[in-house]
Amino acid sequence: MEPICPIDSSCSNQISLLLNPPSPPQVQKYFEELIKTRQSCGLEVRTNGKHAKGVYAKVDFKEGDLVLKDPVLFGIQHSSNKMDCLVCSHCFQFIGSVELQIGRKLYLRNLADASGSNSGKRKFSSALKDCSGQCNESRDHGDSDVEEYDVDRCGLSDSKSNTNIIPKDVIDSLMEGGLKLPHSDIVSLPAVVSCPGKCKEAYYCSQSCAEADWNLYHSLLCTGKGSKSLSTEALSVFIQHANETNDIFLLAAKVISFTILRYRKLKTVYFEEKEKHDAPSILGSCNFSLLLEAWEPVSMGYKRRWWNCISLPDDVDCHDEVAFRLQIKELAFTSLQLLKAAIFDKECEPLFSLEIYGHIIGMFELNNLDLVVESPVENYFLYIDDLPDSEKEKAEKVTESFLDALGDEYSGCCEGTAFFPLQSCMNHSCNPNAKAFKREEDRDGQAVLVALQPIHKGEEVTISYIDEELPYEERQSLLADYGFRCRCPKCLDEELPS
């Protein structure tokens, strides 16, 4: 049965205004201000009739040049990836220490193996119940003060006889800072900072990241004692549902939380200004004007309803497409109702319509990039492998058992999905002149784009939304999900005559 959301009809006019594309002057002004916050950004956003907007070079770029570093506006680490990587919940760089990263991964894996994967996820927060303080304390001692670990004492000297088995007390010692691995000082990670609301789900690389995340999104989405949500119990149910179905709902919740918090801040400023000028402090219809202003960063992203634009999975027959898309819509409606129970704000009621929720998720479906941050654990083990033979042999007496226990997943990077405001304005080409590419020095979740070829001043910067090496018809089929047929020079050359 088609899900019915009462807010869609009661707030239909406001919803239409929220989803109305911003005017070219609005777009121009917004991105001019945004670009000022980007370091050495030789780009500009232009509006035009063909693609609505595009990104253009204001300077010449050579092949291999950095074109853009774009911080995340809305991003999440995939729920399944949290077991493997401890990262800052705001900027997504790895935190703690190599020892903590390895110990925590082994601890959570053991939990999952002992209790089943779902149970392991529920207990996941206990793995860090005290690690922020312990990690800070152990790192403050300095390398020279840390005693060399007695390998024989914990039975790790003979890795072959203990393949893939690390004693619990050794794992605890890794996580608590009691065990220092050889040469781990070559990887320097920021200490762990806890969530301001005291939840056990979000951790940060600094106080500034913790405060920024709290003020932008997390204060409404925190399950800790300091949460500003209506109900942390309802919020936990929403989060569990997202983890079990599609964690893109967590990203949609961030957008709604972000908009509500911006609205409240704008409203506070509005009343303060009214009081200064001794004017009547009646919001009236101005209430929605403030909500529109709060929504502005989200309004800039290209949107379609999620259940309309999501690609049909390979295992779904085309005859079942209508039923599949209805199922997706029902799933979104269930998620929305759970979120509404947790953070509903009457003054921001249109945000809780199914129409808005579907367009938010559709924006991610059409614009998001994979969020990937390289693991320092991989770099650590590669460093050990490159040591001179005598040093390598000594180090591997300690490290080999951990490497065996981690197995092929030792190098697992942080993985997630994110919406980047400037990158999302870039148009597609099957012969792009730029691509997303993380360099060695890029250690957080920012989108990094480099030039694939020389890009001249005034030229449009393009990326590929798909694998551009696919045959012409396959490319066009995939791009149809984005709502257009590609007419780039490569496609025009390969197009079959009608």
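Everything that follows concerns the structure shown earlier in this document.
Description of the structure in this document.

Cut-off values and rules
- Along each chain, residue indices are assigned from 1 in the same order as the chain's sequence is written.
- With pLDDT at 70 or above as the cut-off, local features in this predicted model cover only qualifying residues; side-chain atom pairs require 80 or more to be listed or tallied, and sums for whole chains, interfaces and linings still use all residues.
- Note: side-chain values were computed over all heavy atoms of the structure, leaving out hydrogens and water.
- Pairing of aromatic side chains requires ring centres within 6.5 Å, counting the rings of Phe and Tyr and the six-membered ring of Trp. Pairs whose planes differ by under 30 degrees are stacked, by over 60 edge-to-face, and all others tilted.
- Burial classes follow relative accessibility: with a 1.4 Å probe on protein chains only, a residue under 20% of its type's maximum area counts as buried, one over 50% as exposed, and anything between as partly exposed.
- Runs of H or I in DSSP of at least four residues are treated as helices and runs of E of at least two as strands, each being numbered from the N terminus.
- Both a distance and an angle decide whether a charge sits over a ring: NZ of Lys or CZ of Arg must be within 6 Å of the ring centre and within 35 degrees of the ring normal.
- Under this rule, positive means Lys or Arg and negative means Asp or Glu; His and the chain ends count for nothing.
- In what follows, salt bridge is the name for a side-chain nitrogen of Lys or Arg lying within 4 Å of a carboxyl oxygen of Asp or Glu.
- Polar contacts here mean pairs of N or O atoms no more than 3.5 Å apart (in protein, one a potential hydrogen donor and the other a potential acceptor; neighbouring residues in sequence count only if both atoms are side-chain atoms).
- Strand pairing requires that DSSP identify at least two bridges connecting the strands.
- As a rule, the C-alpha atoms of each element are fitted with a line to give its axis, helices using only the stretch in contact, and angles between N-to-C directions run from 0 to 180 degrees.

Some remarks on the packing of aromatic side chains
Counted according to the given criterion, the structure contains 13 aromatic pairs. Ring centres of Tyr270 and Phe271 lie 5.7 Å apart, and the angle between their planes is 80°; on these two criteria the pair is classed as edge-to-face. You can call Phe271 partly exposed: its relative accessible area is 24%. When the ring of Phe381 is compared with that of Tyr410, the centres are 5.8 Å apart and the planes differ by 85°; the resulting orientation is edge-to-face. Taken together, the positions of Phe381 in helix 15 (residues 376-385) and Tyr410 in the loop between helix 16 (389-406) and strand 8 (414-419) put the pair 29 residues apart, joining distant regions of the chain. Take Tyr410: its relative accessible area is 22%, and that puts it in the partly exposed class. Linked through ring pairs, Phe74, Tyr217, Phe258 and Phe419 together constitute an aromatic cluster. The ring centre of Tyr56 lies 4.3 Å from the NZ or CZ of Arg46, which sits over that ring.

A few points about the side chain of Arg104
Its location among the elements puts Arg104 in helix 4 (residues 98-115). Despite its burial, Arg104 pairs with no opposite charge; the closest candidate is Asp84, at 7.3 Å N-O. In this structure the side chain of Arg104 is engaged in a polar contact, spanning 2.6 Å, whose partner is the backbone oxygen of Lys82.

Quick notes on the sheet that holds strand 8
One open sheet accounts for 3 strands, arranged 4-8-7; its pairing is antiparallel. Here the strands that pair on one side only, and so sit at the sheet edges, are strand 4 (74-77) and strand 7 (369-373). The average undirected angle you get between the axes of adjacent strands in this sheet is 30°. Judged from the 4 bridges that link them, strand 4 and strand 8 form a sheet pairing that is antiparallel.

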